[in-house]
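Summary of the model geometry
Letter by letter, the chains look like this.
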Amino acid sequence: MEEPKIELDDLEVNQERLKQNTIQLKNLRVYGSLNAGIIAGILGMDGWIGIGIYVAIFLIVSACLAIKMNFKVKEYFKSSYDAYYSGIGTDLLLFLMIWVIFHNLVNIL
Amino acid sequence: MSDILIDDRIRDWVFLPIIIVMFMIQMFRGLLTKYMDNRKTAQKVTSKAQVAEMIDKNITQQSQRLARLHGLLPDQSFKMKRAYLCDREQGILTKASQKPAKDPMQSMSMMNPVAMADMLKQNLSGIVFMALQYQWVSYFFSGFVIGKVPFPLTQKFRTMLQRGVDVQNLDVRYISSISIYFVLLFGGLQKIQQLMFGDDTDEFVDDTQMQMQMQMMGMPTMPSFGQQNDPGKLFIAERTRLEGVKHTFELNKSSDKALKSLKRFLIQ
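Residues numbered from 1 in each chain as written. Chains lettered and ligands numbered in written order. Predicted model: local features only at pLDDT ≥ 70, side-chain atom pairs only at ≥ 80, totals over all residues. Heavy atoms only, no water.

The subject of this paragraph is the interface of chain A and chain B. Of the residues lining the interface, 36 residues belong to chain A; the matching set on chain B comes to 39 residues. Together, the buried faces of chain A and chain B total about 3,100 Å²; carbon and sulfur atoms form 65% of this surface. Counting across the chain A and chain B interface gives zero salt bridges. Counting every contact that joins chain A to chain B gives two residue pairs in polar contact (both at pLDDT 80 or more). Listing elements by their share of the side of chain A that touches chain B, those giving two or more residues are α1 (15-42) and α4 (92-108) of chain A. Take the side of chain A that touches chain B: its biggest share by element is 12 residues, from α4(A). Classifying every residue of the side of chain A that touches chain B by side-chain character gives 21 nonpolar, six polar and nine charged. (Contact = heavy atoms within 4.5 Å. Buried area = accessible area lost by both parts, 1.4 Å probe. Salt bridge = Lys/Arg side-chain N within 4 Å of Asp/Glu carboxyl O. Polar contact = N/O pair within 3.5 Å; in protein donor to acceptor, adjacent residues only side chain to side chain. Helix = DSSP H or I, 4+ residues; strand = E, 2+ residues; numbered from the N terminus. Nonpolar A, V, L, I, M, F, W, Y, C, P; charged D, E, K, R; others polar.)

With respect to the helices and strands, Lys148(B) occurs in strand β1 (residues 145-148). Contacts of Lys148(B), omitting those with residues within four sequence positions, involve His103(A), Asn104(A), Ile108(A), Asp3(B), Arg173(B), Tyr174(B) and Ile175(B).

Here we come to the nonpolar core. Nonpolar side chains in soluble globular proteins tend to be buried together. One finds Met97(A), Ile18(B), Met22(B), Ile146(B), Tyr181(B), Leu184(B) and Ile192(B) to be the most contacted residues of the largest nonpolar core, which totals 45 residues. Of all the elements, α4(A) adds the most residues to this core, at eight residues. Leave out the neighbours within four places in its chain, and Ile192(B) touches Leu34(A), Leu94(A), Met97(A), Ile98(A) and Phe23(B). Of all hydrophobic cores here, the second largest spans 12 residues; its members include Ile59(B), Leu66(B), Phe235(B) and Val245(B). (Core = buried A, V, L, I, M, F, W, Y, C linked by side-chain atoms within 4.5 Å. Buried < 20%, exposed > 50% of the residue type's maximum accessible area, 1.4 Å probe, protein only.)

Put into structure tokens, the structure is as follows:
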């Protein structure tokens, strides 16, 4: 049986809420990268510009999150790095996949 | 490079079907894993060797838990627990580390039929489907170009992305159908599936990428932990770790922490 990992520093943080928040953040980021892929694919962006669009939309999503939280990151997440910047690489492959699919569907095939 | 015009029928009958079929297989695999998990019953301990394994596992868990949560214990309790585990003559960890090293053949859980069934199920829901899809795609859809990747690539990717297409000077951007299979595989159809259907709190269904990486590194995916040839070293490492723990009882700091939280709360 796996025990829930309790670290001593986290005794001040409500674990359940933090977990819910991170799940929502992950969903949000997946939506963001899906949209970025669709935009990059339909507009026919090429090469590095496409990756630039991904980074740009990622930062826009983080900015919207900040506005929604009223800039009080500590109430919702552990740190601002966690909430805004940490997961940028994990959804990159998803973005690439959607980009390739939509680029092919719209522009080439 | 001049642009290649790709027939509409390729899109209708190759590109979209591959995506749709892979997506459905992914969903089916998720349902299959769920179904098999529901039917999993508690494992019965069947042999003496397994009992010994369980005892070792519990000992390591206990020492790790102590090392992690030592702040919750007052000084006397912590010292007693640590002595129980780490004493040089009578401690549990010392005794456990003096057992002879396990025979590697024996220590593999192949002997245990339940664990083997588990491994089979894992393999089934992961590798078999991948292999099946690969065979399907490469049998039916090989030999033509299916699309174009939007980014420039080097010539090294040509063999991977243009398998079956024998035109020499074709731009590496034009890909064959097996590469769209790879893109879909690595790109994470799982995430989309989780987004659409995974609102329960299971955060992880199965991870073919992780399994594939583990297979590539040569380690088989073993369901149980601690299959090492020398458990003695493990216990000695645990013991040195426990002996090095600097213990403070968190209750002493708790009034300061409460003050800090209260201040933070009042400031808002």
